[in-house]
Amino acid sequence: MVEPEPEPGCSDIWDCDSEIRFCGRLSDGLVYAQHHCWRVHLSFPDRCVLSGFCSISSSKLRTSSTLHEPALFSPLLDFDPTLRQQAITCRIDRPGDDRKGGFSNFDYFREIFDRFSREFRAQASGDRMNGANGSGSGSGTEWHALPVGEVAQVLQTDVERGLKEANVEELQAKFGPNELKGQRGVNPWRVLLGQFTNGLTVILVLAAAVSYAVQDYAEGGVLAFVIIFNAAVGFVQEFRAEKTMDALRRMASPTAKVIRDGGLSRISSPGVVPGDIIVFEVGDVVPADCRLFEVLNLEVDEAMLTGESLPVAKAVEPIKGDNASLGDRLNMVYSSTTLTKGRGRGVAVATGMNTEIGKITKSIAETSSGSTPMQKRLNLMAYILFGISLLLAVVVFAVNKFNFSTDIILYAVSLSIAVIPEGLIAVITIVMALGVRRMASQRALVRKLVALESLQAVTNICSDKTGTLTQGKMTVTSVWRPGSERVVVTGDGWSTTGEFLVRDSAIAPSDLLGDLGFRLLVECSALCNTANIVEASEGKVWGDPTEIALQVLAYKLQMGKPSFRQLKEPVTEYPFSSATKRMSMLYRDVGRDDFELYTKGAENVLDLCDRVLENGAEVEIASRDEFLRGVHEQIQVSAKQGLRVLVMAYRTVDERQMGKSVTKWERADVEASLVFLGLVGIRDTPRPESKVAVDQCYKAGIIVHMLTGDHHDTALAIAKEVGIIRAPPDRADATVVSLSNPVMTAPEFDAMSEAEIDGLEELPLVIARCTPATKVRMIEALHRRRKFAAMTGDGVNDAPSLKKADVGIAMGAGSDVAKQSSEIVLTDNNFATIVMAVSEGRRIFSNIRKFVLHLISTNVGEVIVLIIGLAFKDRSGLSVFPLAPVQILYMNMVTSTPPAMALGVEAASRHVMSVPPHTKGLFGKELLADMMAYGVIMGGLILTDFVLVIYAFGDGNLGLECNSDRNVFECNTVFRARSTILIAFTWMMLLHAYNCRNLRASLFTKDGGGASKIFSNKLLVVSVFVGAIMPIPTVYIPTLNTTVFKQETISWEWGIIFVSVVAFFFCSEFYKYCKRRVMTNHHI
C-alpha cells in the first residue's frame, strides 16, 4: 500500500509507539490511522482529520473493541459526529517487517474490525440513502467509482430482483416524482409590465400624466401613443420566448422498463426511484441517471450532455481516478440521453432534479442575466435627464416669480419634455425590430432585442465544435494502404461526390480501384456496414455515424452496398462490442462456393492479421514488429490530424477449410488469420466557411475559443484547421494570441483555482472533454477579465453557459433548452452566421449612436434656447418664450423622429468588421462631446436668429402676454421671430441628420454620406424633404399659426433662415475637421 503525501497541517509522523494519528488527502478521501504499526484505512469522503483520539493500548483494543463497544472508533465519532452520515469503508493491513510489537491475535482483531465495519456501514446506509439521489454532487457519492455490489448495497436493492414493491411507495414519498421542477411559465402580464420599467419610459409616463393634469390633451395624447407603441413592440418580441422548464420536461422519457420483485414491468418515467433496476434497449430514452452493471454492445448518444460527436460505447467496470468527467464515466448512463445500439441494465442512482440534466436545470434557474452596457447607460441617462428636467421646471417657475398660470405650467412641462428625447425609445425599438427582421432573413433569429446591442461589444466567442464549427457529419478523409501513398478524400459532409488526392494531385477512381487491395478496402467499407443511404444530399441516411461515413466513401467510388446485392449474400453479423472493439460481416460469394469475411475495428484487429496484399497476392507478414511499427506510425499521423482510425481487414474461407458447416462457425473461428487491408481515417469535418468566419473574427478583434466534449487531439486538429490556433500576427498592435498553452482538458482547467486561471497570460483557446461546469467557469473567467463573451451551443449541456454569457447563441437544430437559454438562435447552425450577426450588431449599434446623437444634440440646442430665452421679458416682467410649447413638441416628435429612424437603417460602414469591439457602452466621451458641441452650435445660431428678428431688424417690442394668442397684434414681432426660429431649427435638425451619418468624415466625402451616397438612404432623403416642407404651412395657414403655434407669417426673415442654416453647415464641418486632426483611433 503506497501511503499518500500528507496534506499541509496533517501529521507526517508514523511512529509505532506514538498515539494514533490521522492524515489524508481531500482528493481521495483516504484517512490513515496507525497504532503500534497496525494501519487502519478509513475512507471518509471529502475529509481530512488532522488529529486522532487518545492512545489505546493493545490489550484495551482487544478487550473493548467489541461489536457493541467499539472503543477504537467511538472517540473518532465523538470528535466529529457528522462522520456518522458519511459512507465509510474500512480495511486493515497486517504489518510487515517493520512491526515493533502489538498484539498477536491478528485474526481476532480483524474479525472484530470487520464486524464493526459491517454494523457501521449498515447504520450509515440509511443516512446515505437520504443523499443517494445524486450522481456525484449531492451526496458526494461517485457512483462510477464504486463496484456494482456496493452500489446495490447502498441503495438497498437487488440487481437481479430489483426493489420490493412494498418499498417503492416509501421511496417515492422520500424522493418525489422523477421529473424536473420547472419554474412558472411565461406570464404575459409580467412581460408587459417589464416594458414600463426602463428609465426613459417611466419619465415619459410622468410627463404624460402632467400633460393630462393641466389639460394639455394634445401633448399628453402624443406621449401616450409613444409609450404604448414602445411597449407593444417590446412585448411582441419578448413574449416569443419559450418556456425553458417546459422544454426540459418534454425531453423526459415517457416510460421506463423496470424490474421489481423479480418481474419486468413498464411504468411511467416519473415513477422511477433510486434503486430501481432499469432495462435498456435500442431507441430508449434513459429515464434516470443509472450505474450500469450489464451491457451488450451498448452505445449511447450523449452529445446533448457532453458534446461528444459519436455515440459512446458503455462498460460496467468501476472508473478509477479523480474527477472523471461525464464523457469518461463509461459505466454510467444519464437521463434524457438515447441508446443508439445494444442493450443493457443499470441501477437508478439519481432521479428528478438530482440527475445531471436536473443540475443543469438548477444552474439555469440560478443564473441571472445582467443588463447590457447600453441598457445601463440609457437608464442612467434617463434619471439624469429627469433630474435636469425637474431643475429646469423650478427655474422656469422661479424666473416667472412662481406664477402658476396655465401658460407657465405648460412651458415648464414643455421645457422638461425638451430635455427628454421622447422619440429615442420608439426609434431604438423600431430600429432593433427592423434589425431582427433583417437578421432573420440571414438565418439568425433574435429572441431578445437587447442582444443586438450586446453583439457589437463581443470580444470573445466560446463556440462548441460539433455541428457549429464542423458539419456534425462523420466523413472519411483519408485512406492508407501498406506500400502506398496516403489518399486524401474530399467531399462535403454526406455528399456522395468528392475527389481523391495523392500529394495534392487528383487520382481517378478507376486507377484507385485497379489496386485489388484498395478495392477490397472499399468493399469492406460498404459490406461490413449496417447504415442505409437513400439520398445523402438531402440527409436521408440511417445508421451509426461511423458506418454512414464508410458507406459514403463507397458511394463516392460507385461501390455502395446496393451494388453488391446480386453478388454478395449476407450470412452472419458479428456485432461490435466494447470487449472486442470490432465488427465483422460474413458474406457468401454468389458466383463462387466460398465465403468472405469483412472486419473493421480498433487497433486490436491487427492482432488477428497475419497476411497483407502485395501485387494482388496474399503474402505472410515477414517481420511482424516492422509491420506493426509502420502501421502504428500511420495511426499516430492520423491521430494528430484528429482522425478516428479504423483498421480494415478481410479473409476468404470455405466450409472445407473450417471443417464444419457455416451454421456452426464460431466468431473466434472466423475472425482469425485475416488479411490486413489498410487504415481509414474518419472525422467530423469543419464547415468550409468556418475558417473564413474565424479569420473575420480575428480581424474584428474577436478571439474565438472552442469548448468541446471531444478528445484533446481531435479538438487540437480542428482548431488548427479552422484557424482558432494560429501563429501570432506580425503587427505589434494586433490581438496577439499566446500559444504557450492553447489547449487544455476540462480536468486540467477545472483543477485550477480562480486565482490560477486569472494568472494565465491568456485563457486557453481550446478546452477538450468539456463539461457544463467548465463552460460556465470559462465565461466567468472572461468576465473577470472584463471581456464581453458570446457562447454558442446546441446541447442541454450548453444551457447554463448560454445563459451566463453576455450573448447566448443557440443552434436551430439543437435542444429546446439551449434555445430558451439563448438570446439568438441560428437556424442554419453555422458559425459563419455568427460573424454576420456580429456585423449586423455593430451596424445597429453604430446607427443607434448616430440617431442618439441626432436626438439628444437637438434637445440640447432646444434647452439652451429655452433657458436663455427666459431672459427675454415683457412689460409685466414675465418671460417671453422663444418657442411655444406646441412648437417644441412639433420639433421633438415630427421633425426629429423620422430622420432619426432613417439613420437607424443606414448601411454598414466598410470598416465595420475592421475595428475592435466597442465595449465602453453607448455614451462614450466622443459622443457626449458631439452632443454638447452640436447643441451649442444650434442653440447659439437660433438665439442669434431670434435676436436679429426682434432687435436688429424689428422694433424690439416684446409686447404683452405674447405666450398666448390674446394680443396677436402687439406680439407680431415676437410671433414672426418664433416662425423664423421654427423653420431655421427644423432645417438645422434635418441637415444635422446628414451630419450624423458619419461622426468624423466630411459631408463632402463618400464616407461622410455625401457625394455619390447623398441619395443612398432613401428613407433619409424622404424624411428630410418632407420634414423641410411640413413646417411651412404652419407659418402661413391662418388661425393654425397664431392660435396653435403662437407664430406669424414671415417674408424677409427667410434670408436669416438660409444664412443661419449655411452657417450651421460650415460650423459642423469645421468641428469635424478639428476632430479628425485630434482623434486618430478607429471608429464605425
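Residues numbered from 1 in each chain as written. Predicted model: local features only at pLDDT ≥ 70, side-chain atom pairs only at ≥ 80, totals over all residues. Heavy atoms only, no water.

## Considering unusual backbone geometry
Put simply, the rule reads: Comment: elements are numbered from the N terminus, with helices defined as DSSP H or I runs of at least four residues and strands as E runs of at least two. To sort residues, take the accessible area from a 1.4 Å probe on protein chains only and compare it with the maximum for the residue type: under 20% means buried, over 50% means exposed, and anything in between is partly exposed.
At Arg503, a position not held by glycine, the phi torsion is positive, near 55 degrees. Mapped onto the elements of the fold, Arg503 is located in the loop between strand E16 (500-502) and strand E17 (505-506). Located in the positive-phi region is Gln558, a residue other than glycine, with phi close to 60 degrees. Within the secondary structure layout, Gln558 lies in the loop between helix H19 (545-556) and strand E20 (568-574). With a relative accessible area of 67%, Gln558 lands in the exposed category.

## What to know about the side chain of Ser463
Cut-off, in case you're wondering: In protein, a polar contact means a hydrogen-donor-capable atom and an acceptor-capable atom, both N or O and within 3.5 Å, with residues adjacent in sequence counting only if both atoms are side-chain atoms; elsewhere, any N or O pair within 3.5 Å suffices.
In this fold, Ser463 is placed in strand E13 (residues 460-463). Within the structure, the side chain of Ser463 is placed 3.1 Å from the side chain of Thr792, a separation counted as a polar contact.

## Here we look at the pairing of strand E11 (residues 338-350)
Our working rule: Pairing between two strands is assigned when DSSP locates at least 2 bridges connecting them.
As paired elements, strand E7 (residues 277-280) and E11 share four bridges and run antiparallel to each other. Bridge pairing links Ile278 to Gly346 in E11. Sheet topology note: the strand E8 (residues 289-301)/E11 ladder contains ten bridges and is antiparallel. Within the sheet, the bridge partner assigned to Leu292 lies in E11 and is Gly346.

## Describing the environment of Gly263
By secondary structure assignment, the location of Gly263 is in strand E6 (residues 263-268). What makes Gly263 partly exposed here is its relative accessible area of 28%. In this structure, the C-alpha to C-alpha distance between Gly263 and Glu160, residues 103 residues apart in sequence, is 9.6 Å.

## So, the state of the cysteines
For clarity, the threshold we go by: Two cysteine sulfurs form a disulfide in these notes if their separation is within 2.5 Å.
Per the stated rule, a full pass over the model turns up one disulfide. In this model Cys962 forms its disulfide with Cys971; the gap between the sulfur atoms is 1.9 Å. Taking the sign of the S-S torsion, -90 degrees for the link of Cys962 and Cys971, the bridge is left-handed. Each member of the pair, Cys962 together with Cys971, is buried.

## Some thoughts on the sheet that holds strand E30 (residues 789-793)
Inclusion rule: Axis geometry follows a simple rule: fit a line to the C-alpha atoms, using only the stretch in contact for helices, then measure angles between N-to-C directions, giving values from 0 to 180 degrees.
Read from one edge to the other, the open sheet built from eight strands follows the order E12-E32-E31-E30-E13-E27-E29-E28, with strand pairing classed as mixed. The strands lining the two open edges of the sheet, one partner per strand, are strand E12 (444-446) and strand E28 (743-745). Direction aside, the axes of adjacent strands within the sheet are offset by 20 degrees on average. Bridge analysis of strand E27 (residues 703-707) against strand E29 (residues 766-768) gives two bridges, and the strand direction is parallel. Counted as the bridge partner of Leu707 is Ile767 from E29.

## A short note on the nonpolar core
Cut-off, in case you're wondering: Buried residues of nine kinds, namely Ala, Val, Leu, Ile, Met, Phe, Trp, Tyr and Cys, make up a nonpolar core once their side-chain atoms join them within 4.5 Å. Residues count as neighbours in contact if any of their non-hydrogen atoms are within 4.5 Å of one another.
Membership of the largest hydrophobic core comes to 143 residues, with the highest contact counts inside it found for Ile724, Val766, Ile824, Phe831, Phe851, Val852 and Phe923. Sorting elements by how many residues they give to this core places helix H30 (residues 831-869) first, with 18 residues. With near-sequence residues (within four places) excluded, Phe831 lies in contact with Ile461, Ser463, Thr468, Leu469, Ser690, Ala693, Val694, Cys697 and Val704. Membership of the second largest hydrophobic core comes to 38 residues, among which are Met474, Met559, Phe564 and Val675.

## Focus on the packing of helix H34 (residues 972-995) against helix H38 (residues 1053-1078)
Here is the rule we go by: Just so you know how the angles are binned, under 35 degrees is roughly parallel, over 145 roughly antiparallel, 65 to 115 roughly perpendicular, and the rest oblique. A crossing counts as left-handed when the near helix is turned anticlockwise from the far one by less than a right angle, and as right-handed when that turn is clockwise.
The interhelical angle for the contact between H34 and H38, taken along N-to-C directions, is 30 degrees, at an axis separation of 9 Å. Between H34 and H38, the angle is such that the two are roughly parallel. The two elements H34 and H38 cross, and the hand of that crossing is right-handed. Residues Arg976, Thr980, Ile983, Ala984, Trp987, Met988, Leu991, His992 and Asn995 of H34 pack against Glu1053, Trp1054, Ile1056, Ile1057, Phe1058, Ser1060, Val1061, Phe1064, Phe1065, Ser1068, Glu1069 and Lys1072 of H38.

## Some points on the pattern of salt bridges
Which entries qualify depends on this criterion: Any carboxyl oxygen of Asp or Glu within 4 Å of a side-chain nitrogen of Lys or Arg constitutes a salt bridge here.
Taken as a whole and judged by the stated rule, the model has 36 salt bridges. For Glu926, the salt bridge goes to Arg1000, with nearest N and O atoms at 3.0 Å. Remark: Arg1000 occurs in the loop between H34 and helix H35 (1018-1029) and Glu926 occurs in helix H33 (residues 925-952); sequence separation between them is 74 residues. The residues Glu926 and Arg1000 share a single accessibility class, namely buried. Residue Lys1075 pairs with Asp930 through a salt bridge whose shortest N-O separation is 2.9 Å. In this pair, Lys1075 sits in helix H38 while Asp930 sits in helix H33, placing the two residues 145 residues apart along the sequence. Per residue, the accessibility class of Lys1075 equals that of Asp930, and both read buried. In this structure, a network of salt bridges that share partners links the residues Lys568, Asp589, Arg592, Asp594 and Glu596.

## Looking at helix H31 (residues 885-895)
Burial runs high along H31: nine of the eleven residues are buried. Residues of H31 that are buried: Pro885, Gln887, Ile888, Leu889, Tyr890, Met891, Asn892, Met893 and Thr895.

## A short note on the environment of Thr477
Inspection of the secondary structure assignment puts Thr477 in strand E14 (residues 470-480). We classify Thr477 as buried; its relative accessible area is 12%. Sequence separation of Thr477 and Arg683 is 206 residues, and the distance between their C-alpha atoms is 7.1 Å. Excluding residues that lie within four positions of it along the chain, Thr477 makes contacts with Val487, Val488, Val489, Leu643, Gly681, Arg683 and Thr685.

## Quick notes on the packing of aromatic side chains
Let me state the cut-off plainly: Centre distance within 6.5 Å is the pairing criterion for rings of Phe, Tyr and Trp, where only the six-membered ring of Trp is used; planes under 30 degrees apart are then read as stacked, over 60 as edge-to-face, and the remainder as tilted.
Counting across every chain of the model gives 15 aromatic pairs. Where Tyr598 meets Tyr650, the ring centres are 6.3 Å apart and the plane angle is 25 degrees; that geometry is what we call stacked. With a gap of 52 residues between them, Tyr598 in strand E22 (residues 595-601) and Tyr650 in strand E25 (residues 644-653) connect regions that are remote in the sequence. Here the aromatic rings of Phe627 and Phe676 are separated by 5.3 Å at their centres, their planes lie at 80 degrees, and the arrangement is edge-to-face. Residue Phe627 is located in helix H20 (residues 624-640), and its partner Phe676 is located in strand E26 (residues 674-686); the two are separated by 49 residues in the primary sequence. According to the relative accessible area criterion, Phe627 is buried, its value standing at 11%. The exposure class assigned to Phe676 is buried, which follows from its relative accessible area of 0%.

## Section: the packing of H33 against H38
Filter applied, for reference: Classes in brief: Ala, Val, Leu, Ile, Met, Phe, Trp, Tyr, Cys and Pro nonpolar; Asp, Glu, Lys and Arg charged; the others, Gly included, polar.
Running from N to C, H33 and H38 point in directions that differ by 155 degrees, and their axes come no closer than 10 Å. Comparing the axis directions of H33 and H38 gives the class roughly antiparallel. Handedness of the crossing formed by H33 with H38: right-handed. Across from Glu926, Ala929, Asp930, Ala933, Tyr934, Ile937, Met938, Leu941, Asp945, Leu948 and Val949 in H33, the residues of H38 making contact are Glu1053, Ile1056, Ser1060, Ala1063, Phe1064, Cys1067, Ser1068, Tyr1071, Lys1072 and Lys1075. Taken together, the residues of the contact of H33 with H38 break down into 13 nonpolar, two polar and six charged.

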